[in-house]
Amino acid sequence: QDGAMDTDSSAILDAIRRIVQAVRLSSRRTEHEIGVSGAQLFVLRKLAEAEGVLSISEVAALTLTHLSSVSVVVGRLVDRGFVLRSHSAEDGRRIEIRLSAKGKAFLQRNAPMTMQEHLVKALAMLPAEKRSLLAQLLTSVVAEAGFAHEDASMFFEDGSSGEPGR
């Protein structure tokens, strides 16, 4: 039984390593080649697909990411001039964001599919019951490993600066 557990554990860790490595390498390549992180490109692409004004919570839902994590990425995109942020005319409490002309032009020049999009697509292809089981099992592993209290920030977007090389 221990041999089977070791084989299964090894296969699980190898799969996690492959995913993390693929996302890390993709994010580095994206930053090096086009000057934004993979997470920033993912948010820009989701804003472009929406073709309009969205709230931060709507972007969080589209990226399958927590609100606070998306807010950090959007802030970096606003600072770079790729995204415009304003208060809603109908509800002053609602913050709305949209691509700027600079953001649209940037995407027209640089629109590779992000690794996050590949992962979302792969998860969507799983039958619902397998997706649910995977979510339960990974949540259990995270809890048992003591990581449940950690923020689930967007991939490789937890540093103090979104700028490449910083």
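Residues numbered from 1 in each chain as written. Predicted model: local features only at pLDDT ≥ 70, side-chain atom pairs only at ≥ 80, totals over all residues. Heavy atoms only, no water.

For the rest of this paragraph, the subject is the pairing of strand β3 (residues 95-99). Within a regular strand, the side chains alternate between the two sheet faces. Across two bridges, the pairing between strand β1 (residues 54-55) and β3 is antiparallel. Each residue of the ladder has a partner; that of L54, found in β3, is I97. Bridge analysis of strand β2 (residues 83-87) against β3 gives five bridges, and the strand direction is antiparallel. Considered in β3, the bridge of H87 is made with I95. (Pairing = 2+ DSSP bridges. Helix = DSSP H or I, 4+ residues; strand = E, 2+ residues; numbered from the N terminus.)

Attention now moves to the nonpolar core. Formed by 21 residues in total, the largest nonpolar core has its most connected members in L44, L47 and V83. When residues of this core are traced back to their parent elements, those giving at least two are α2 (38-50), α3 (56-63), α4 (67-79), β3 and α5 (101-109). Tallying contributions element by element places α2 first for this core, with five residues. (Core = buried A, V, L, I, M, F, W, Y, C linked by side-chain atoms within 4.5 Å. Buried < 20%, exposed > 50% of the residue type's maximum accessible area, 1.4 Å probe, protein only.)

Another point: the sheet that holds β3. As a general point, the strands of a sheet are linked pairwise by backbone hydrogen bonds and lie either parallel or antiparallel. Taken together, three strands build an open sheet; the order of strands is β1-β3-β2 and the sheet is antiparallel. The sheet terminates laterally at β1 and β2, the two strands that pair on one side only. Against the sheet, α2 makes contact with β1, β2 and β3, and its axis sits at roughly 90 degrees relative to β3, the strand it touches most. (Contact = heavy atoms within 4.5 Å. Axes fitted to C-alpha atoms, helices over the stretch in contact; angles between N-to-C directions.)

Our focus in this paragraph is unusual backbone geometry. It is generally the case that most residues other than glycine have a negative phi and that most peptide bonds are trans. Even without glycine at this site, E51 takes up a positive phi of about 50 degrees. You can see E51 is positioned in the loop between α2 and β1. In this structure E51 comes out as exposed when scored by relative accessible area, which is 72%. In this model, L64 sits at a positive phi of 55 degrees, which is unusual for a non-glycine residue. Taking the relative accessible area as the measure of exposure, L64 reaches 62% and is therefore exposed.

Let's shift gears to a nonpolar patch on the surface. Together, I12, L13, I16, V20, L123, L134 and L138 make up an exposed nonpolar region whose accessible area comes to about 540 Å². Relative to the assigned elements, L138 resides in helix α7 (residues 128-145). Looking at L138, the relative accessible area reads 41%, which means it is partly exposed. (Patch = residues over 30% accessible without salt bridge, like charges linked within 9 Å, V, L, I, M, F, W, Y side chains within 5 Å. Areas by Shrake-Rupley, 256 points an atom, 1.4 Å probe, with all protein chains shown as cover. Salt bridge = Lys/Arg side-chain N within 4 Å of Asp/Glu carboxyl O.)

What follows deals with the packing of α2 against helix α6 (residues 115-125). Across the interface, α2 lies against α6 with an axial gap of 8 Å and an inter-helix angle of 65 degrees. One way to sum up the angle between α2 and α6 is to call them roughly perpendicular. Residue-level inspection shows G38, A39, F42, R45 and E49 of α2 in contact with α6, the latter providing Q116, E117 and V120. Counted by class, the contact of α2 with α6 contains three nonpolar, two polar and three charged residues. (Parallel < 35°, antiparallel > 145°, perpendicular 65-115°, else oblique. Nonpolar A, V, L, I, M, F, W, Y, C, P; charged D, E, K, R; others polar.)

Right, let's talk about the pattern of salt bridges for a bit. In this structure the tally under the stated criterion is six salt bridges. A salt bridge links R93 to D91, with the nearest nitrogen and oxygen atoms 3.1 Å apart. The shortest N-O distance in the salt bridge between E96 and R94 comes to 3.3 Å. Each of E58, R94 and E96 takes part in one network of salt bridges that share partners.

This part covers the packing of aromatic side chains. Counted under the stated rule, the structure contains one aromatic pair. When the ring centre of F82 is taken as reference, the NZ or CZ atom of K102 above it lies at 5.2 Å. (Phe/Tyr/Trp six-rings, centres within 6.5 Å; stacked < 30°, edge-to-face > 60°. Lys NZ or Arg CZ within 6 Å of the ring centre and 35° of its normal.)

What follows deals with the side chain of S55. Along the chain, S55 falls in strand β1. At a separation of 3.0 Å, a polar atom in the side chain of S55 contacts the side chain of S57. In this structure, S55 is in contact with R94 and I95, ignoring residues within four places of it in sequence. (Polar contact = N/O pair within 3.5 Å; in protein donor to acceptor, adjacent residues only side chain to side chain.)

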